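The lines below spell out each chain.
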Amino acid sequence: MSDYSKNTRKSLGLGELIAIALGGMVGGGIFSILGVSVEQVGNLTPLAIGIGGGLAFLAAYSYVKLTLLYKDAGATYTFFKKAFPGNQTAAAVVGWLIVFGYISTLALYGFTFASYFCSFSESINNPTGQKITAGVVIFLFTLINITSVEGMGKLEDLMVYTKIAILLIISVLLGWKGDLQNLEPLLAPSTTWTAIFVVAAITFVAYEGFQLVINAYDEVKAPKKNIPRAIYASVGIATLLYVMLSTAALATIPKSEIIADKEYALAAGASEFLGSIGQVIVIFGALLATSSAISGTLFGSSRLMAAIARDGYMPSILAKKRKVYIPAYAIALMSGMAYLLILSGGLQVILEFGSITFILVSLLMAFANYRKREETKSSTIMTLLAIAGLMVAGLLILYFEFTQNREQLYYILGIYAVLGAGSYLYTKSHTSKAP
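Residues numbered from 1 in each chain as written. Predicted model: local features only at pLDDT ≥ 70, side-chain atom pairs only at ≥ 80, totals over all residues. Heavy atoms only, no water.

**Student:** Honestly, helix α4 (residues 75–83) in this entry has me stumped. Any pointers?
**Tutor:** The element α4 is extensively covered by neighbouring structure, given that 7 of its 9 residues are classed as buried. Taken together, the buried positions of α4 are occupied by A75, T76, Y77, T78, F79, F80 and A83. (Buried < 20%, exposed > 50% of the residue type's maximum accessible area, 1.4 Å probe, protein only. Helix = DSSP H or I, 4+ residues; strand = E, 2+ residues; numbered from the N terminus.)

Okay, here's the thing in structure tokens:
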């Protein structure tokens, strides 16, 4: 356990933990995956999203068991290092990949927030206005995260539970206006079960975020009890919300419009079927969703970066904390790098990188839990199901990339190569600092 957990006041309870997890999960994901999912599997989109939720639950099982065993804020990185000791280079590579994956999701959330916010005014609804807006919102939550852990937790509570209520209201309103007969036939002649599982693998990224609460282990009240509850509850809530929202959208909005409008499908559909007030409600929900996702992801991932730096695999200044808990330099660096990604463009490939990375590291955690299953008191059946499910999901998303956008897949592999080489060279040049 980290020394920070001793002689300090814990600030985060179960409510804050669920909010942080849902803040990271229910962000831009549900808005961006809906159009892609409907394009691939039509009316079976809710089923595919539900399967993705089941896969997330299997991944969460390994994270929970390893958290209770290691009691450390480093989450994926620390669990890998402890489960597979003696290979500091591999641990460094895993740490760098995870951190960059979080930076990419921060960029996505910032850009998605800006896209919806700028839709209110034609004067700023352009690439320049969107980039400036994204920078402002990221900077705002950087200040909040650097200023106060408790204040961030309370704000995250307010944003997350408000956005959940709004998204549920949107589901009810769309469902009230819709007709379930629009969901027939469920299985179109062109839809295959392979396509359904491919979509489940792609939508898995929409559940990324539940492990963020582990990064705050040192700041949690009764972590052995509250962290498992928060992880399982957040996965269940997100799955239910996604299934309800996708079902309501399909019952109301023509599939052709959902496919054409992509991440704007809910807003466009609300405008057409619920009027201007409905459109404002959807946009406000999207702004809250992406705001809390920025805050929750920045909070948890900066703790991870600090843990990696503490071990010598990143510059030591990133491990320094103010007010005992807050890794201010790590927060600032992650925010800055996320904004650079926004300025550079190409966020779609960054999103796909995040999807593959999340599945890959979840698979590593399932392997780690299987290796330590006697110590974690894990079910052999559950751990093997997690390994099999995540392995199939990883292969399917690679297959999808290879057949649909081979150039993008090569670009993603190039990112892996650069990060792998960077972490390797840094580790080798700072061997004396690493444990």
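**Student:** Whenever I open this one, the nonpolar core confuses me. Can you help?
**Tutor:** One broad rule of soluble globular proteins: the nonpolar side chains tend to lie buried together. Among the nonpolar cores identified, the biggest contains 124 residues, and V26 and F210 are the most heavily contacted of them. Ranked by residue count, the leading element in this core is helix α5 (residues 88–118), at 17 residues. The next biggest cluster of nonpolar side chains, apart from the first, holds 7 residues, and it includes L34, L183, A249 and I253. (Core = buried A, V, L, I, M, F, W, Y, C linked by side-chain atoms within 4.5 Å.)

**Student:** Please explain the pattern of salt bridges as it appears in this structure.
**Tutor:** Two side chains bearing opposite charge may form a pair once their charged atoms approach each other closely. Under the counting rule described, the total for this entry stands at 2 salt bridges. Ionic pairing is found between D311 and K81, a salt bridge with its closest N-O pair at 2.3 Å. Taken together, the positions of D311 in the loop between α11 (265–310) and α12 (328–344) and K81 in helix α4 put the pair 230 residues apart, joining distant regions of the chain. With a relative accessible area of 10%, D311 lands in the buried category. The class for K81 is partly exposed, based on a relative accessible area of 21%. Residue E375 pairs with K372 through a salt bridge whose shortest N-O separation is 3.5 Å. The partly exposed category is assigned to E375, whose relative accessible area is 46%. (Salt bridge = Lys/Arg side-chain N within 4 Å of Asp/Glu carboxyl O.)

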